[in-house]
Each structure stands twice: as structure tokens, then as C-alpha cells.
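# Structural description and commentary
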Amino acid sequence: MAAPRAGRVVVRLQGVHKGFETENGRIEALRGIDLEVRAGEIYGVIGVSGAGKSTLVRCVNRLERPDAGRVEVDGVDLTSLEGAELRRMRQRIGMVFQHFNLLRSRTVAGNVALPLEIAGRPRAEIRQRVQELLEWVGLADRWASYPSELSGGQKQRVGIARALANRPRLLLCDEPTSALDPETTASVLDLLKRVRDEMGVTILIITHQMSVVRAICDRVAVVEAGRVVEEGPTSEVLVRPQSEAARRLLGRSGPRRQPLPDRTPPPPGQEARLVELHFVGETAKEPVITHLVRRFPVMANILSGQIDRLGGTPFGVLLVELTGKPGDLERALTYLREVGVIIQEWHEEVEER
Amino acid sequence: MIISPVVLKLTWEALQETLLMVGVATVLAELGGLPLGVLLVTTAPGRILASPRLHHVLGLIVNVGRSIPFIILMVAIIPFTRWLVGTSIGTTAAMVPLTVAAIPYVARLVESSLNEVDPGVVEAAVAMGATPWQVIWKVYLPEAVPSLILGGTITAITLVGYSAMAGAVGGGGLGDLAIRYGYQRFRTDVMLVTVAVLVVLVQGIQYLGSYWARRLDRR
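A brief report on the enclosed structure follows. Since the structure is predicted, the reported quantities are computational estimates derived from the model, not experimental observations.

### Digging into the overall build of chain A
Each helix and strand in chain A was counted, giving 13 helices and 14 strands. When contacts within chain A are restricted to residue pairs at least 6 apart in sequence, long-range pairs at least 24 apart make up 69% of them. Here chain A displays about 15,900 Å² of accessible surface, and carbon together with sulfur accounts for 47% of that area.

This is the structure we're talking about:
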């Protein structure tokens, strides 16, 4: 499910610093951010509020001017752009906001038309493009409604349609689902996924919700106190969080803190291995454990487990004790890795945490 | 009490003068005050045309304009009025000080209306690559329309009050009628009729303004 890593770099941040003067002195929002987002991927930036992630995304279209460092989009350094050049660049970058930021004086169609008017497109083209976009986000019948007549989810669909109007190759999303209920969140995330899959738009998404990262991000950066403290493919970060910040965001000291049930010692000649199995995406839909015990002479004893279904993407963690001959165990684990399960071995000292 | 046809005729003429003075002065003051209000908002720190010095100077001019009592302003700018319309007496002449006094007033009202516009919406337009001009025409002004109409209503009603003082330069109008006939000649009937007409006029302006603003409000 991960996008090809070979894609060219669309967004590159190098050593980005940004501070603000406040009544209580200077706040360093970003303290040297390095980041690369590649074409066609959905890249998540996660952190608690105040971590600087919003400032980060606002540096990418220069709503904020970095104090130091470089911000490149499509190889162009935005920090040196001014006036018309900067505005032309911004027209090529879509942005979706937490609070939608729709004009209440304009209809749905009028809101989607705004970026096209700003770009100076001819009237006929605007009408056609607006129609096309509204059909695409499923709001063609609401074109004449005002934002005040729409639900939160519908407003965000309009926001997404508007952000795509000028056919950007990059979409910035600042907490796009934080003002929505869980059900609506899932449908908006599905829509964003379609933006990438069907239009090939690269997406940089800012969130404080691990569920958002889990649902759609290919890669994720964890931001804390203005720094990237951890970065990598989503599955890696979810399974083996290296930073305290990531673990806190995962809220997953989960099964580790639960006392393990008493286990019977393995029969002679056999061995028991305690493994944590992580299922992400498609593998979570397969009856992997059933296949495992049918194909290999091993026993699988499920000690604890949790399955999330977020944004239509299942994500599961099982703590399993596998019992069998050492060779069979190895083959079983190899099989699990082959079908895409991420395995973390348990050691007794881990239990003590 | 019987109101004589003469009083009615005087009142009718005075009403027409008031409507003319207030109407023209409101329109001209909006034309002058609107750009000033837009500049006050957009040159503020952190805004699309941020220029702290210009913002400061404009604010100072507006405050000075608003500090001068209308009756003093009217007399003080008589040379300007005479230069502009050729006379300093009459309804047309009264429009000049009314407009000049209302411009800084309108500027502040426009400023407060535009400051109510959601900063997020302005930011969205900036993120789309809009020029400051586009942000003003496509976001600030349309988003503030209901509030701007209510502000214009307040201006018009304030000018009805100011126009009473325009009698001092022979400007005519309902206020002038009330002072000269009703007060100075002890004509209680004239006083009552003019006050009644003024009440109806102010009510009417407020009703129209509120109705129009509500019709256009998409909140």
C-alpha cells in the first residue's frame, strides 16, 4: 500500500527555523526541521498541539516566512520568492483547513470558483471545472447552497474541491478532520485518498490524531517542540515507535502493561515464542492465523489483541504465543513476514516495562 | 390640535431638504470612508498590506477628524465649502461639512466591519495566490456586506442628527425648522410635527437598513 519510494522530491525542508514574538517572550515554533515529501505519497506530520506542526505546513506555501533554512517545492526555493512569483507558486499548491475557511457570502459553486477567478481563468472554463469538481466530491446537487446550510463533512468536501480547482500537484492539509466527528472523518480521509490515487496529487497532512496517520499516511514525521523526533514509513513508526513522543501519541503502552496470562510450558522438544504481530491494511483482512496453523505444525495461542478499523483501513495488533519445533517456528515466522505481517519478538525484560 | 396647511407645507419642504442633504452626504461619505476603512484594516500589522507607519498616520487623521465638534467643523471649513460649491449658505453648502464630518466616522465603522471577517477566509485567499486587491474585492468586502449596510444605516441616522445643526449655515431641513419655528417662535405645533416626522424618518432608515442587511446575510 505504500507509494513507490522512487518518486521525485516534491517538498524539501532544510533546517527550517521559525520563531514568534509573543507577550510572554519569544517562542521558537520550529527549531531546524528537515523533511522530504516525495511525489505521490501521503505524508503525515503528527504532534500534539503546540508542537509546531501547523507552522511547519504554513511555511510550505509561505503563509509563514521561515527565519532560517530552505523550503523547496518542485525544486523552487520559496524563501526567496516575492510578489507575483510567490502568488503563481501558491496557485499551484492547494490547501485544506481545519475550519474549512469557506466564504459565507458565496455559494458552494462560488467558493470552488474562487481560486479559478484568482488565477484569471475564463468564465466558461470556470463553470465547467466547478461542475466537474463538485461531481467528483459528490456535491453536484448542492452547488447553489451556502456553507451555512451544509454539514461539517460537506463543508470539508467543498474545501477539498476548492483546493483542487487549479489542478495543484501538491495538497497541504492542516488538521483537515479535527473539526469532524469520527464517521465524517473516515469519509473525508477516503476522499483525500482518492485525491492521491485518482489524481496523483501529493499530500502533506498535519494532524494530532494517530488514527488519521494510520488510515491514510504512507510515511509520517513525529514533531515535538519544533523538531522532527522520528520519521519513517507509517507501519514502522506504528509498530516500533522510537521516540517517547510517538509512543505517547500512539497511546500504546497498551498490551505491554497488561499482565500476561499464565502459560503452560511447551512440551519437550518444542519451544514457545512470544511475538507481537502487527497487521496493517490488507493483511488485517486475511485470516492469517488460520492459514498459519493449517500450513505449519505449530500452535498459536492468542494472549491479547486489538483491531482498529479506521478510515476503512484495518490495523491490528495480536500478542501470540507460538509453540512448535524450532525449525517449524522459524518457517512460520518467515511465512508471516512474507504475507506482510510485522513481527516484534517479546523478551521477558520487555514485559517488565 | 389642528395642523395648518402652512405648517404641513413647511414640514414637507424641510423633509425634502433633509433627505437630500443626508442622502447625498451619506453616499459621498461612504465613497470617501470605505477606501479609508479598507486601508486602516489592510495596513494593520500582519495584514495583507501591512505598513505600521501608514496605519498609524491614517488612524491619527481619522481620530483628529472625529474629535472636532460638528458645529465647529462646519464653520471652520467655510472657506473650503465656498471654494467647492461657490457658496457657504444653503442645502448644497451644508452637504460639504456633513460629508467631511462623516468620512472618518464611516472609516471607523468600515474598519470594524472588515475586522469581523474571519481571518481564516482571508488566509485561504492568500494561500490561493490572491493579490491584495483580489483579497479586498473578493473576500473582505463581500464577506462584510451585511455589516457594512448596518454601518451605513448608522451613518445615515447620525447625519440626520447632524443636519439639524446645518441650520446654522442656512442649510434648512427638519432640524432647522424645529429650532427656528418650534423653539425660537414658540410654535409647539411645528415642534411636534417635525419631531414626529424625524422619529418616523429614523425608524424608516433603520428598518430598511436592517431588512436589507438581513436579506444578504448568509450566516
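Read on for the rest.
### Points about the overall build of chain B
When you go through chain B residue by residue, the secondary structure sums to 9 helices and 0 strands. Each helix and strand of chain B, placed in order from N terminus to C terminus, yields the pattern α-α-α-α-α-α-α-α-α. Each principal axis of the C-alpha atoms in chain B carries an extent, and together these give about 65 × 40 × 25 Å. Here chain B, with 219 residues, has 44% of them falling under the buried criterion. Sequence separation of 24 or more characterises 73% of the internal contacts of chain B that already satisfy a separation of 6 or more. For chain B, the computed accessible surface area is about 11,100 Å², with 70% contributed by carbon and sulfur atoms.

### Considerations on the sheet that holds strand E1 (residues 9–22) of chain A
All names here are of chain A. Judged by pairing direction, the sheet is antiparallel, and its 4 strands sit side by side in the order E2-E1-E4-E5 without closing on themselves. A strand with exactly one partner marks an edge of an open sheet, and here the two such strands are strand E2 (25–38) and strand E5 (76–77). Across 11 bridges, the pairing between E1 and E2 is antiparallel. Paired with Phe20 across the bridge in E2 is Ile27.

### Focus: the pairing of strand E6 (residues 93–96) of chain A
All names here are of chain A. Side chains Ile93 and Met95 of E6 all project onto a buried face; the interleaved residues Gly94 and Val96 project onto the opposite face, where all are buried too. As paired strands, E6 and strand E7 (residues 170–174) are joined by 4 bridges and run parallel to one another. For Val96, the partnering residue across the bridge sits in E7 and is Cys173.

### Looking at the environment of Val57(B)
All names here are of chain B. Checked against the element boundaries, Val57 lands in helix H2 (residues 52–67). We classify Val57 as partly exposed; its relative accessible area is 41%. Remark: the alpha-carbon pair of Val57 and Leu40, spanning 17 residues in sequence, is separated by 9.6 Å.

### Examining a nonpolar patch on the surface
All names here are of chain B. A cluster of nonpolar side chains, Leu60, Val64, Ile68, Ile71, Ile72 and Met165, forms an exposed patch at the surface whose accessible area comes to about 500 Å². Elements with a minimum of two residues in the nonpolar patch: H2 and helix H3 (70–76). Along the chain, the position of Ile72 falls in helix H3. Of the residues examined, Ile72 reaches a relative accessible area of 48% and is grouped as partly exposed.

### Examining the packing of aromatic side chains
Residue and element names in this part refer to chain A. Enumeration over the complete set of coordinates arrives at 5 aromatic pairs over all chains. Taking 5.5 Å as the distance between ring centres and 50 degrees as the angle between the ring planes, the aromatic pair formed by Phe296 and Tyr335 counts as tilted. Residue Phe296 is located in the loop between helix H11 (288–295) and strand E12 (299–310), and its partner Tyr335 is located in helix H12 (residues 326–338); the two are separated by 39 residues in the primary sequence. The same class applies to Phe296 and to Tyr335, which are both buried.

### As for the side chain of Asn111(A)
Residues and elements named next belong to chain A. Examined against the element boundaries, Asn111 turns out to sit in helix H3 (residues 108–118). According to the relative accessible area criterion, Asn111 is buried, its value standing at 0%. Contact partners of Asn111, with chain neighbours within four places excluded, come to Leu102, Leu103, Arg106, Pro147, Val158 and Arg162.

### Structural notes on the interface of chain B and chain A
Many authors give the size of an interface as the accessible area that is lost as the parts come together. With 21 residues of chain B at the interface, the matching set in chain A holds 22 residues. Buried surface at the junction of chain B and chain A, summed over both partners, amounts to about 2,000 Å²; 57% is from carbon and sulfur atoms. Contact with chain A buries area across many residues of chain B, yet Met128(B), Lys138(B) and Arg218(B) alone supply 33% of it, more than any other trio. Run the count over chain B and chain A and you get 2 salt bridges.

### Points about the pairing of strand E3 (residues 42–46) of chain A
The side chains of a regular strand alternate, residue by residue, between the two faces of the sheet. Residue and element names in this part refer to chain A. Burial analysis of E3 places 5 of its 5 residues in the buried class, the great majority of the element. The alternating pattern of E3 places Ile42, Gly44 and Ile46 and Tyr43 and Val45 on opposite faces, both of which are buried. Where E3 and strand E8 (residues 202–207) come together, 5 bridges link them in parallel fashion. Along E8, the bridge assignment pairs Ile42 with Ile203. Note: E3 against strand E9 (residues 219–224), 4 bridges, orientation parallel. Its bridge partner being in E9, Val45 is matched across the sheet by Ala221.

### Some words on the environment of Met21(B)
All names here are of chain B. Take Met21: it is sitting in helix H1 (residues 5–42). With relative accessibility at 0%, the residue Met21 sits in the buried group. Note: C-alpha distance between Met21 and Leu208 (187 residues apart in sequence) is 18 Å. Met21 has contacts with Thr91, Ala94, Met95, Leu98, Ser163, Ala166, Gly171, Gly172 and Gly173, leaving out every residue within four places of it along the chain.

### Focus: unusual backbone geometry
Residue and element names in this part refer to chain A. Phi is positive for Phe100, which is not a glycine, with a value near 70 degrees. On the secondary structure map, Phe100 appears in the loop between E6 and H3. Within the chain, Glu175 stands out as a residue other than glycine whose phi angle is a positive 50 degrees. Residue placement: Glu175 occurs in the loop between E7 and helix H6 (182–199).

### Points about helix H4 (residues 123–136) of chain A
Residue and element names in this part refer to chain A. Under the 1.5 Å per step criterion, the end-to-end length of H4 is 20 Å for 14 residues, consistent within 8% with the ideal 20 Å. For H4, the complete set of buried residues consists of Ile126, Arg129, Val130, Leu133, Leu134 and Trp136. Buried residues along H4 cover an arc of 150 degrees about the axis, so they all sit on one side. The outward face of H4, more than 90 degrees from its buried face, is lined by the exposed residues Ala124, Arg127 and Gln128. Buried residues in H4 make contact with H3, helix H5 (152–164) and H6. Phi for Gly138, located one or two positions after H4, is positive at around 80 degrees.

The rules behind these values
Numbers given for residues are sequential positions, taken from 1 along each chain in its written order. All chains are assigned letters beginning with A, and all ligands numbers beginning with 1, in the order in which they are written. The model is predicted, so local features are restricted to residues of pLDDT at least 70 and side-chain atom pairs to those at 80 or more, both for listing and for counting; the totals for chains, interfaces and linings are taken over all residues. Only hydrogens and water are set aside when side-chain values are computed; all heavy atoms of the structure are taken into account. The helix count covers DSSP runs of H or I at least four residues long, the strand count covers runs of E at least two residues long, and both are numbered beginning at the N terminus. Contacts: residue pairs with any heavy atoms within 4.5 Å of one another. In these tables, accessible area is a Shrake-Rupley quantity obtained with a 1.4 Å probe, and a residue counts as shielded only by the protein chains included in the view. Partly exposed residues are those whose accessible area sits between 20% and 50% of the maximum for their type, while under 20% is buried and over 50% is exposed, using a 1.4 Å probe and protein chains only. We call two strands paired when DSSP finds no fewer than two bridges between them. Without a salt bridge and with relative accessible area above 30%, a residue can belong to a patch; like charges are then joined within 9 Å and nonpolar side chains (Val, Leu, Ile, Met, Phe, Trp, Tyr) within 5 Å. Counted as salt bridges are all cases of a side-chain nitrogen of Lys or Arg within 4 Å of a carboxyl oxygen of Asp or Glu. The criterion for an aromatic pair is that two Phe, Tyr or Trp rings (for Trp, the six-membered ring) have centres within 6.5 Å, with stacked assigned to planes under 30 degrees apart, edge-to-face to planes over 60 apart and tilted to the rest. Put simply, buried area is the surface a 1.4 Å probe can reach on two separate parts but cannot reach once they are joined, added for both. What a helix is expected to span follows from its residue count: subtract one and scale by 1.5 Å. This arc describes the spread of directions from the helix axis toward the C-beta atoms.

The values reported here are purely geometric and, on their own, carry no functional implication.
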